[in-house]
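# Examining the three-dimensional arrangement
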Amino acid sequence: MMRSHLIKPILDEEYKQISHGSGVYLYDTDGKKYLDGSSGAVTCSIGHGVKEVINAMHDQAKKVSFVYRSQFTNEPAERLAEKLAQLAPGDLNWSFFVNSGSEATETAMKIAIQYWQEKGKHQKSKILSRWMSYHGITIGSLSLSGHTERRARFVPLLDANPVISPPYCYRCPFDRTYPGCQLKCATELETAINRIGSDHIAAFVVEPLVGAAGGAIVPPAGYYEKIRDICDRNQILLIADEVMTGIGRTGKMFAMEHWSVQPDIIALGKGLSAGYTPIAATLVSDSIIEPILTGSKLIMSGHTYSANPQSAAVALAVLTYIEKHSLVEASHSKGIFLLNELQQFKKKFTIVGDVRGKGLLIGIEFVSNTNTKLPFKKDCKVTNLVIKQAQINGLLIYPSTAGIEGVSGDAILVAPPLTITETEMNELIYLLYKTIKEVEDSLQ
Ligand code: PLP
């Protein structure tokens with residue numbers, strides 16, 4: 001076999017090569033077919049090979065592929081920003097385009113800090129976040145991320161941004177039960193603010209549903225309303241990292257709409273271009289832009305490929321496709337069916353502890369004992385076993401982690417393209433059932 005020069009996630013592991021994709025399926029160069037059960041990394045939300053997107057890419061490439069943002073604006077980027085302003089809740093009317101989710105959350109950090117500087121509050125520069133979260137891999141966004149494994153090597157470079165526990169009812173960090181808990185997971189934010197001092201804090205960042213670091217954890221009712229109230233009373237901005245949850249994934253265009261809470265800034269990525277080109281965005285409200293507009297007028301950030309016309313044209317075509325095929329509504333209704341079916345796994349398996357989620361973002365948490373919720377030992381590598389066995393069975397699944405800070409846990413995310421049909425969902429359920437059964441048997 002020819003020596004590879006490509007750095008892959010695990011350097012000495014052999015990876016199959018994908019030759020092409022169509023709809024919810026991918027095909028490798030040996031001809032094996034895979035059902036893309038998690039849209040890659042919860043990204044390819046309209047499936048593979050969509051003609052309208054390919055045509056938009058081709059049409060834009062014929063016009064112009066690159067325009068430098070510091071010299072010119074361009075039509076696709078203008079239209080995409082206008083479209084997002086129409087779709088986004090409230091006065092989130094401004095878009096800053098970047099290339100990855102990490103850049104989108106890091107840009108959100110910078111804009112939040114700049115907002116307070118423009119208002120003369122230079123000390124308000126700290127950004128708070130939660131443990132069990134993932135906001136990206138660049139140093140700034142990793143700093144925000146409460147993901148101990150990904151932080152470990154770089155701790156000396158990272159700020160202590162994560163300060164509070166996740167809203168994780170299955171394993172309540174306070175050993176309480178909803179609603180008697182009185183949402184201590186939310187009021188903990190106020191305790192942290194009082195300790196640090198609101199004069200030093202610019203913003204608090206959340207993933208509406210905890211994705212990669214928790215396995216689709218849905219906060220209890222009233223949580224975000226309380227968080228918004230605490231932020232408002234302490235003059236702290238609320239940033240929603242919708243990189244995974246945005247653009248219909250949870251059955252609403254933006255997941256925060258499940259709670260009627262408007263964040264001040266939203267980070268988008270993944271589903272924005274559904275994987276067809278790299279593009280991400282930081283959406284900013286009128287009230288955050290206003291002091292910058294009347295102040296320095298310059299947001300101190302940007303990348304060579306920011307507002308790239310080719311990527312913007314693709315994202316526009318993806319949004320048009322999503323609207324034309326009512327895929328946000330489809331995510332909601334298909335999500336109800338799939339969650340209901342996967343919840344049956346709790347009765348069928350001794351290793352399935354919890355099944356949760358919203359729309360087509362569903363998490364399955366594995367435990368060694370469903371009564372005590374005891375996680376598997378780290379060296380059992382249960383998530384890995386499930387992912388590998390699924391791939392053998394022709395099903396692609398995205399790994400997640402779960403567990404209270406410091407305790408390793410096993411979880412997966414099931415997040416197929418929003419275009420998945422009922423027959424394909426039944427195939428997914430069958431393949432996942434077969435996979436978990438085989439892994440459960442192998443653990444005995
Ligand atoms: N934020 C969230 C919620 C994510 O799930 C991810 C990626 O998984 C990121 C940010 C980082 O995005 P990217 O990998 O595009 O940099």
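This section reports on the structure supplied with the text. (Residues numbered from 1 in each chain as written. Predicted model: local features only at pLDDT ≥ 70, side-chain atom pairs only at ≥ 80, totals over all residues.)

## With respect to the overall build of the protein chain
For the record, the criterion: To qualify as a helix, a DSSP run of H or I must reach at least 4 residues; to qualify as a strand, a run of E must reach at least 2; elements of each kind are numbered from the N terminus. Put plainly, a residue is buried at 20 or more neighbouring C-beta atoms within 10 Å of its own, exposed at 12 or fewer, and partly exposed in between, counting only other residues' C-beta atoms, which are placed from the backbone. By the convention adopted here, residues make contact when the C-beta atoms placed from their backbones lie within 7 Å.
Tallying secondary structure elements over the protein chain gives 14 helices and 15 strands in all. When its C-alpha atoms are laid out on the principal axes, the protein chain stretches across 65 × 60 × 45 Å. Out of the 444 residues in the protein chain, the part that is buried amounts to 51%. Restricting to contacts in the protein chain with at least 6 residues of sequence separation, those with at least 24 account for 74%.

## Describing the sheet that holds strand E14 (residues 398-400)
Stated formally: The pairing criterion is simple: DSSP has to find at least two bridges between the two strands. Lines are fitted to the C-alpha atoms to define the axes, a helix being fitted only along its stretch in contact, and any angle between axes, read from their N-to-C directions, falls within 0 to 180 degrees.
An order of E11-E12-E15-E14 is seen for the four strands of this open sheet, with the pairing classed as antiparallel. The open sheet has two edge strands, strand E11 (352-358) and E14, and neither has a second partner. Averaged over all pairs of adjacent strands, the angle between strand axes in this sheet comes to 25°, irrespective of strand direction. Sheet topology places strand E12 (residues 361-366) next to strand E15 (residues 410-414); five bridges connect them, and they run antiparallel.

## Notes on the nonpolar core
Stated formally: In these notes, a nonpolar core means any group of buried Ala, Val, Leu, Ile, Met, Phe, Trp, Tyr and Cys residues linked to one another through C-beta atoms within 7 Å.
If you look at the biggest cluster of nonpolar residues, it comprises 131 residues, and the most contacted ones within it are Ala 112 and Val 318. The leading source of residues in this core is helix H10 (residues 309-324), at ten residues. For Ala 112, the residues in contact, after removing those within four places along its chain, are Ile 127, Ala 202, Ala 203, Leu 237, Ile 239 and Ile 265.

## Some words on the packing of helix H2 (residues 51-63) against H10
The cut-off we apply is this: Orientation categories follow fixed angle ranges, with anything under 35 degrees roughly parallel, anything over 145 roughly antiparallel, 65 to 115 roughly perpendicular, and all other angles oblique. By the definition used in this description, the sense in which the near helix is turned from the far one sets the handedness, with an anticlockwise turn below a right angle giving left-handed and a clockwise turn giving right-handed. The classification used treats Ala, Val, Leu, Ile, Met, Phe, Trp, Tyr, Cys and Pro as nonpolar, Asp, Glu, Lys and Arg as charged, and all other residues, Gly among them, as polar.
Two elements in contact, H2 and H10, have axes whose closest approach is 9 Å; the angle formed by their N-to-C orientations is 150°. What the angle tells us is that H2 and H10 run roughly antiparallel. Classified by chirality, the crossing of H10 by H2 is right-handed. Only Pro 309, Gln 310, Ala 313, Val 314, Leu 316, Ala 317, Val 318 and Tyr 321 of H10 make contact with H2, whose side of the interface consists of Glu 52, Val 53, Ala 56, Met 57, Gln 60 and Ala 61. In terms of residue class, the contact of H2 with H10 is built from eleven nonpolar, two polar and one charged.

## Quick look at the site of the ligand
Put simply, the test is: In this entry, near means the residue's backbone-placed C-beta atom lies within 6 Å of the molecule or strand.
Near the ligand there are 16 residues, and of these Ser 100, Gly 101, Ser 102, Val 243 and Met 244 occur at the shortest range. Counting residues per element, the shell around the ligand draws most heavily on helix H4 (residues 101-118), at three residues.

## Some points on the pairing of strand E8 (residues 237-241)
For E8, the buried fraction is high: five of the five residues fall into the buried class. Here E8 shows a buried face lined by Leu 237, Ile 239 and Asp 241 and a second buried face lined by Leu 238 and Ala 240. Two elements, strand E7 (residues 201-206) and E8, share four bridges in a ladder whose sense is parallel. Within E8, the position partnered with Val 205 by the bridge is Ile 239. Across three bridges, E8 lies against strand E9 (residues 265-268) in parallel orientation. Across the sheet, Ala 240 pairs through a bridge with Ile 266, a residue of E9.

## Quick word on the pairing of strand E1 (residues 18-22)
Along E1, only zero of the five residues are buried, which leaves the element largely exposed. Pairing geometry for E1 and strand E2 (residues 25-28), over four bridges, is antiparallel. The residue bridging Ile 18 from the neighbouring strand is Asp 28, located in E2. If you look at the hairpin formed by E1 and E2, you'll find two residues sitting between the two strands, and Gly 23 has a positive phi there, around 60°.

## A word on the sheet that holds E2
Ordered by their spatial adjacency, four strands build an open sheet running E1-E2-E3-E13, and the pairing between neighbours is mixed. Single-partner strands in this sheet number two, and they are E1 and strand E13 (395-396). One ladder, built from two bridges, connects strand E3 (residues 33-36) with E13; its direction is parallel. Bridged to Leu 35 within E13 is Leu 395.

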